[in-house]
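The chain contents come next:
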Amino acid sequence: MVNFGFTISVTRAVEYDKNDKGCAEYVALRVPSSSACIGCGGCSATCTAGNLTEFNIRKIQMLMKRGENQLYKEQLHKCMLCGKCLTVCPRGVDTRGMILAMIEYMREK
Ligand code: SF4
Ligand code: SF4
C-alpha cells in the first residue's frame, strides 16, 4: 500500500433518532447554561486535564448533545473539577457543572 502521509477516515453518520438523548436532557435540566455553548473551544484550550490527557471538554459536550454517550463516558473521570474552563467561557457555560451532571446521570443509569 502506498503511504501518502495521511489516512482517510471512515464515513460516519450521526443517528440522532436512534441515539440515547437521556443524558443531554438530564444535563439541560440541571445546567441550563449548557445550551448557550457556541463551540469556540476556549474551555478545551485551557483545560487542565486536556493538557495532560486526551480529555476534550468541548468534544465531550458535543458527543453528549448528540447522544453518543458510549464515545465519552470513560473519559469523564479525567476531569479534575478545577473550574478553569468556567473562567474563560465567553457564554458563561457551567462546564464543570455539566461534567458533574453527566457523571451523576451515568451513575444513576
Ligand atoms: S468555552 Fe464555553 S462557549 Fe466555548 S466551547 Fe467551551 S463551553 Fe462552549
Ligand atoms: S473543571 Fe475539568 S473540564 Fe474544566 S478545566 Fe478543570 S479539568 Fe478541564
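Each remark here, short or long, concerns the structure printed above.
Per chain, residues are indexed from 1 in the order of the written sequence. Working convention: letters from A go to chains and numbers from 1 go to ligands, in the order in which they are written. Restriction of local features to residues with pLDDT of at least 70 applies here, the model being predicted, together with a cutoff of 80 or more for giving and counting side-chain atom pairs; totals for whole chains, interfaces and linings are based on all residues.

**Q** I'd like a description of the packing of helix 1 (residues 22-30) against helix 6 (residues 95-108), backed by residues and values.
**A** Relative to each other, helix 1 and helix 6 sit at 135°, their axes nearing to 9 Å. The angle between helix 1 and helix 6 falls in the class oblique. As helix 1 packs across helix 6, the resulting crossing turns out to be right-handed. Facing Cys23, Tyr26, Val27 and Arg30 of helix 1, the residues of helix 6 in contact are Met98, Ala101, Met102 and Tyr105. Residue type decides the class: Asp, Glu, Lys and Arg count as charged, Ala, Val, Leu, Ile, Met, Phe, Trp, Tyr, Cys and Pro as nonpolar, and the leftover types, Gly among them, as polar. Looking at side-chain class alone, the contact of helix 1 with helix 6 contains seven nonpolar, no polar and one charged residues. Geometry is summarised by axes, namely lines fitted to C-alpha atoms with helices restricted to the contacting stretch, and by angles between N-to-C directions that run from 0 to 180 degrees. For helices the rule is a DSSP run of H or I covering at least 4 residues; for strands it is a run of E covering at least 2, with both sets numbered from the N terminus onward. Angle categories: roughly parallel below 35 degrees, roughly antiparallel above 145, roughly perpendicular from 65 to 115, and oblique for all the rest. Throughout, a crossing is termed right-handed when the near helix is turned clockwise from the far one, and left-handed when it is turned anticlockwise from it by less than a right angle. Residue pairs qualify as contacts under a 7 Å threshold applied to their C-beta atoms, which are placed from the backbone.

**Q** Outline the environment of threonine 46, supporting the account with residue identities and numerical values.
**A** Inspection of the secondary structure assignment puts threonine 46 in helix 2 (residues 42-46). Sequence spacing of threonine 46 and lysine 109 is 63 residues, and the spatial spacing of their C-alpha atoms is 30 Å. Residues within four places of threonine 46 in sequence aside, it is in contact with Lys84, Cys85 and Val88.

**Q** Can you break down the environment of lysine 78 residue by residue, with the values?
**A** Mapped onto the elements of the fold, lysine 78 is located in the loop between helix 4 (57-66) and helix 5 (84-88). Lysine 78 sits 49 residues away from leucine 29 along the chain, and the two C-alpha atoms are 24 Å apart. Excluding its chain neighbours within four sequence positions, the residues that come into contact with lysine 78 are Ala49, Thr53 and Phe55.

**Q** Talk me through the site of ligand 2; I want residue IDs and the actual numbers.
**A** The C-beta atom of each residue is placed using the backbone, and any residue whose C-beta lies within 6 Å of a molecule or strand is treated as near it. Around ligand 2, the surrounding shell holds 15 residues, and the nearest of these are Cys47, Ala49, Cys79, Cys82 and Cys85. Secondary-structure elements contributing two or more residues to the shell around ligand 2 are helix 3 (48-52), helix 5 and helix 6. Looking at the shell around ligand 2 residue by residue, the classes come out as nine nonpolar, four polar and two charged.

**Q** If you had to explain helix 1 to someone new, which residues and values would you point to?
**A** When helix 1 is considered as a whole, its buried residues turn out to be Cys23, Ala24 and Val27. Along the axis of helix 1, the buried residues cluster in a sector spanning 100°; they form a single face. In helix 1, the exposed positions that point more than 90 degrees away from the buried face belong to Glu25 and Leu29. Packing partners of the buried residues in helix 1 comprise helix 4 and helix 6. Counting other C-beta atoms within 10 Å of a residue's C-beta gives its exposure: the residue is buried at 20 or more, exposed at 12 or fewer, and partly exposed in between, where C-beta atoms are placed from the backbone. In this description, the arc belongs to the directions extending from the helix axis to the C-beta atoms.

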